Amino acid sequence: MTSFNQQDGALHCEGVSLEAIAQSHGTPTYVYSHAAIKDAFLSYQNAVGDHPHLICYAVKANSNLAILRTLASLGAGFDVVSVGELERVMAAGGDAGKVVFSGVGKTASEMRRGLQAGIKCFNVESEAELRLLASVAETMACIAPISIRVNPDVDAGTHPYISTGLRENKFGVDVESARDLYRFADDAPFLEPVGIDCHIGSQILDVAPFITALHSLLGLIDELAEDGISLDHLDVGGGLGVSYESAAPAVAEYVFALAEHIAGRPLELLFEPGRSIVAMAGALLTEVLYLKPGDLRQFAVVDAAMNDLLRPALYGARQEIRAVSPRAGDAEIWDIVGPVCETSDFLGKDRELVLEQGDLLAVMGAGAYGFSMASNYNSRPRPTEVLIKDDTVHVISRRESITDLWRSEEIPPEIAS
Ligand code: LLP
């Protein structure tokens, strides 16, 4: 379904006009469609069908409690990479028993919390981490369920900053070392190998690299079977791209392609999708503050900035920008920039639009890695987030106030005098 559509000449989210949202809640504001999130999640569930599976939503994509609750109520598991994300999942009513814990730098206290909460699995990324986890589990007299994150050395053809499955990346361990780690874990009294895991990158627009990675994992699973080590689940990670600019594979196409290769194997199939669940369900609503026409470039200065949506500045990402109420007239080419004092502070370059001061724009595809990567840079409060469900607007995160900006800061008396 399309959650954002033009009705009576104006952009709506489901049945609610973005103009009305801006009037009631101000700008910048993130707007999410509940139905679109649900549909995206169910497209994974439906495609996997009867094969045993767990869709572990990658919390980092959008960690708002209401969104986590939405997904938990649909039966989602979660992929977390910090104790903060784990606590969010539990605060939202998610089941810790459906949580996998990824990340190259888990601390001993994060491990303790994960064990205490009874998570499904630690996705272990190095020998040193495995040894620490073994000793933490021993001190707690419990058994840590583990997967080794395999780095299959596959080029996912994505932006270098979000490619994770190459040997030169910090993530996971190569296939040969993984086999040794499984043997170690199998012999260790406080570790239990339960799965195998990989994640080769994000915003991947081709199914082929996923299949190549899967073959590495299946090869290792067969070798482990020779060693007498059998695993319960296979976690293929996240990474399926969305259609920001060019077409992405449909979820069903991707899921079928993977599921086909494990048919007949008694393995629960885990996915860790983030972007493909929430990206297209969200837009960032912003107002044009000023127009700065010019000979070389024309700037539309809007009230959202790189601190609100970092992707264009950090990765040169191109997301569609739409006028909320498109005007008739001759379109011109604009750079859509924010108020932050950096030249990298742009939301979009070379956009063909008819603009006037005060117009509302929507940066589309902003549901993933938007708010979750927002900061207070330039002492800018983070925006409101609203979730549209059944044509009702729910504020799921209020705009930060100015005093929120320094709520954790202190002026020591010695300095104050
Ligand atoms: N699992 C692991 C271990 C991950 O590191 C990630 C994303 C995912 C799953 C989810 O991947 P997804 O399905 O969302 O592609 N900030 C970047 C994306 C960074 C992704 C990091 N890891 C961006 O805005 O493009």
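Now for a look at the structure at hand. Predicted, not measured: the structure shown is a model, and the values here were computed from it.

Some thoughts on unusual backbone geometry
- A cis geometry characterises the amide bond from threonine 27 onward to proline 28, with omega recorded as -5°.
- Tracing the backbone through its elements, the reader meets proline 28 in the loop between helix H1 (18–25) and strand S4 (29–33).
- Residue glutamate 14 is not a glycine yet carries a positive backbone phi of 50°.
- Note on placement: glutamate 14 falls in the loop between strand S2 (10–13) and strand S3 (16–17).
- The class for glutamate 14 is buried, based on a relative accessible area of 14%.
- Despite not being glycine, aspartate 390 has its phi angle at roughly 50°, a positive value.
- Tracing the chain through its elements places aspartate 390 in the loop between strand S19 (384–389) and strand S20 (392–397).
- Given the relative accessible area of 61%, aspartate 390 is considered exposed.

Examining the pairing of S19
- Counted residue by residue, S19 has 5 buried out of 6 residues, so it is predominantly covered.
- Bridge count between S4 and S19: 5 bridges; the pairing is parallel. Bridging across to S19, tyrosine 32 finds its partner in leucine 387.
- Both S19 and S20 contribute to a ladder of 5 bridges, which runs antiparallel. Bridge pairing links lysine 389 to threonine 392 in S20.
- Counting the residues that bridge the hairpin from S19 to S20 gives 2 residues, and of these aspartate 390 lies at a positive phi of roughly 50°.

Some words on empty space enclosed by the protein
- In total, this model carries 1 cavity of 30 Å³ or more according to the counting rule given.
- Put simply, the largest cavity is a space of about 40 Å³.
- Lining the largest cavity are Cys198, Phe210, Ala213, Leu214, Leu217, Val236 and Leu258.
- If one sorts the elements of the lining of the largest cavity by residue count, helix H8 (residues 208–226) sits on top with 4 residues.

What counts and how
- Residues numbered from 1 in each chain as written.
- Predicted model: local features only at pLDDT ≥ 70, side-chain atom pairs only at ≥ 80, totals over all residues.
- Heavy atoms only, no water.
- Helix = DSSP H or I, 4+ residues; strand = E, 2+ residues; numbered from the N terminus.
- Buried < 20%, exposed > 50% of the residue type's maximum accessible area, 1.4 Å probe, protein only.
- Pairing = 2+ DSSP bridges.
- 1 Å grid on protein atoms, 1.4 Å probe; cavity = no way out; pocket = protein on both sides within 12 Å on 5 of 7 lines; lining within 4 Å.
- Points joined across faces, edges and corners; volume = space filled by probe spheres on them.

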